[in-house]
Amino acid sequence: MKLSKEIIERIESIHRMGREELVATYGDMILIGATEDIDEVKLELGYLIYAILCKEPDEFDRDKIACYFQHLEMNDELRAYSHSKSTQRIIRRIYRMQ
(Lines give C-alpha, C1' and ligand atoms only; values in the text may rest on other atoms or scores of the structure.)
Protein backbone atom coordinates (compact mmCIF):
# COMPACT_ATOMS: atom_id res chain seq x y z
CA MET A 1 0.00 0.00 0.00
CA LYS A 2 1.27 3.42 -0.94
CA LEU A 3 0.73 6.58 1.08
CA SER A 4 -1.85 8.75 -0.64
CA LYS A 5 -0.99 12.19 -2.01
CA GLU A 6 -3.14 13.84 0.67
CA ILE A 7 -1.33 12.01 3.48
CA ILE A 8 2.06 12.89 2.02
CA GLU A 9 1.06 16.57 1.76
CA ARG A 10 -0.09 16.57 5.40
CA ILE A 11 3.12 14.89 6.58
CA GLU A 12 5.23 17.39 4.64
CA SER A 13 3.30 20.34 6.09
CA ILE A 14 3.71 18.97 9.63
CA HIS A 15 7.41 18.40 9.02
CA ARG A 16 7.93 22.06 8.03
CA MET A 17 6.14 23.46 11.09
CA GLY A 18 7.88 24.69 14.20
CA ARG A 19 6.62 23.99 17.72
CA GLU A 20 4.53 27.19 17.98
CA GLU A 21 2.90 26.66 14.60
CA LEU A 22 2.15 23.01 15.46
CA VAL A 23 0.45 23.99 18.70
CA ALA A 24 -1.50 26.78 16.98
CA THR A 25 -2.65 24.48 14.16
CA TYR A 26 -3.02 21.11 15.89
CA GLY A 27 -3.13 22.09 19.56
CA ASP A 28 -6.29 20.15 20.28
CA MET A 29 -4.78 17.01 18.69
CA ILE A 30 -1.54 17.13 20.69
CA LEU A 31 -1.72 15.26 23.96
CA ILE A 32 -1.29 17.37 27.08
CA GLY A 33 1.46 15.11 28.40
CA ALA A 34 3.22 15.00 25.01
CA THR A 35 6.95 14.64 25.00
CA GLU A 36 9.23 17.62 24.54
CA ASP A 37 10.76 15.93 21.49
CA ILE A 38 9.21 17.87 18.59
CA ASP A 39 10.03 15.10 16.09
CA GLU A 40 8.10 12.57 18.15
CA VAL A 41 5.13 14.95 18.39
CA LYS A 42 5.19 15.38 14.60
CA LEU A 43 5.33 11.62 14.08
CA GLU A 44 2.37 11.03 16.40
CA LEU A 45 0.42 13.76 14.56
CA GLY A 46 1.21 11.98 11.30
CA TYR A 47 -0.21 8.73 12.69
CA LEU A 48 -3.30 10.51 14.00
CA ILE A 49 -3.99 12.33 10.74
CA TYR A 50 -3.56 9.08 8.84
CA ALA A 51 -6.04 7.40 11.20
CA ILE A 52 -8.55 10.22 10.69
CA LEU A 53 -8.24 10.34 6.90
CA CYS A 54 -7.94 6.61 6.21
CA LYS A 55 -8.11 4.10 9.02
CA GLU A 56 -6.25 3.05 12.11
CA PRO A 57 -2.70 2.47 10.88
CA ASP A 58 -1.31 -1.01 11.30
CA GLU A 59 2.40 -1.54 12.02
CA PHE A 60 3.28 -1.56 8.32
CA ASP A 61 1.53 1.78 7.75
CA ARG A 62 3.16 3.28 10.84
CA ASP A 63 6.57 2.16 9.58
CA LYS A 64 5.91 3.80 6.20
CA ILE A 65 4.86 7.07 7.87
CA ALA A 66 7.93 6.99 10.13
CA CYS A 67 10.17 6.29 7.12
CA TYR A 68 8.67 9.21 5.23
CA PHE A 69 9.35 11.58 8.15
CA GLN A 70 12.90 10.21 8.34
CA HIS A 71 13.30 10.78 4.59
CA LEU A 72 12.23 14.41 5.00
CA GLU A 73 14.69 14.89 7.89
CA MET A 74 17.51 13.40 5.82
CA ASN A 75 16.70 15.71 2.91
CA ASP A 76 16.83 18.72 5.25
CA GLU A 77 20.25 17.65 6.48
CA LEU A 78 21.51 17.01 2.95
CA ARG A 79 20.40 20.51 1.92
CA ALA A 80 22.20 21.97 4.93
CA TYR A 81 25.44 20.27 3.82
CA SER A 82 24.99 20.70 0.09
CA HIS A 83 28.51 22.13 -0.21
CA SER A 84 30.14 18.93 1.12
CA LYS A 85 29.69 15.71 -0.84
CA SER A 86 31.63 13.65 1.72
CA THR A 87 29.34 14.84 4.53
CA GLN A 88 26.31 14.02 2.39
CA ARG A 89 27.61 10.45 1.91
CA ILE A 90 28.02 10.10 5.67
CA ILE A 91 24.50 11.42 6.31
CA ARG A 92 23.00 8.97 3.80
CA ARG A 93 24.92 6.09 5.37
CA ILE A 94 23.70 7.02 8.87
CA TYR A 95 20.07 7.15 7.73
CA ARG A 96 20.38 3.81 5.91
CA MET A 97 21.72 2.21 9.08
CA GLN A 98 18.70 3.45 11.06
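Residues numbered from 1 in each chain as written. Predicted model: local features only at pLDDT ≥ 70, side-chain atom pairs only at ≥ 80, totals over all residues. Heavy atoms only, no water.

### Concerning the overall build of the chain
For step 1, the next point in the chain: Helix and strand content of the chain: five helices and zero strands.
For step 2, the next point in the chain: Helices (α) and strands (β) of the chain occur, in sequence order from the N terminus, as α-α-α-α-α.
For step 3, the next point in the chain: When its C-alpha atoms are laid out on the principal axes, the chain stretches across 40 × 35 × 25 Å.
For step 4, the next point in the chain: Put simply, the chain has 98 residues, and 31% of those count as buried. (Helix = DSSP H or I, 4+ residues; strand = E, 2+ residues; numbered from the N terminus. Buried < 20%, exposed > 50% of the residue type's maximum accessible area, 1.4 Å probe, protein only.)

### Focus on helix α3 (residues 38-53)
For step 1, the next point in the chain: Compared with an ideal rise of 1.5 Å per residue, which puts 16 residues at 22 Å, α3 spans 22 Å between its outermost C-alpha atoms and is within 8% of the ideal.
For step 2, the next point in the chain: Within α3 the residues assigned to the buried category are Val-41, Lys-42, Leu-45, Gly-46, Tyr-47, Ile-49 and Tyr-50.
For step 3, the next point in the chain: Buried residues in α3 make contact with α1 (5-16), α2 (19-26) and α4 (59-80). (Expected span 1.5 Å × (residues − 1). Contact = heavy atoms within 4.5 Å.)

### Regarding the pattern of salt bridges
For step 1, the next point in the chain: Inspection of every chain in the model, using the stated rule, returns two salt bridges.
For step 2, the next point in the chain: Between Arg-10 and Glu-6 there is a salt bridge whose closest N-O contact spans 3.8 Å. Highlighted residues: Arg-10 and Glu-6, both in helix α1, separated by four residues, approximately one helical turn.
For step 3, the next point in the chain: When its relative accessible area of 33% is taken as the criterion, Arg-10 is described as partly exposed. (Salt bridge = Lys/Arg side-chain N within 4 Å of Asp/Glu carboxyl O.)

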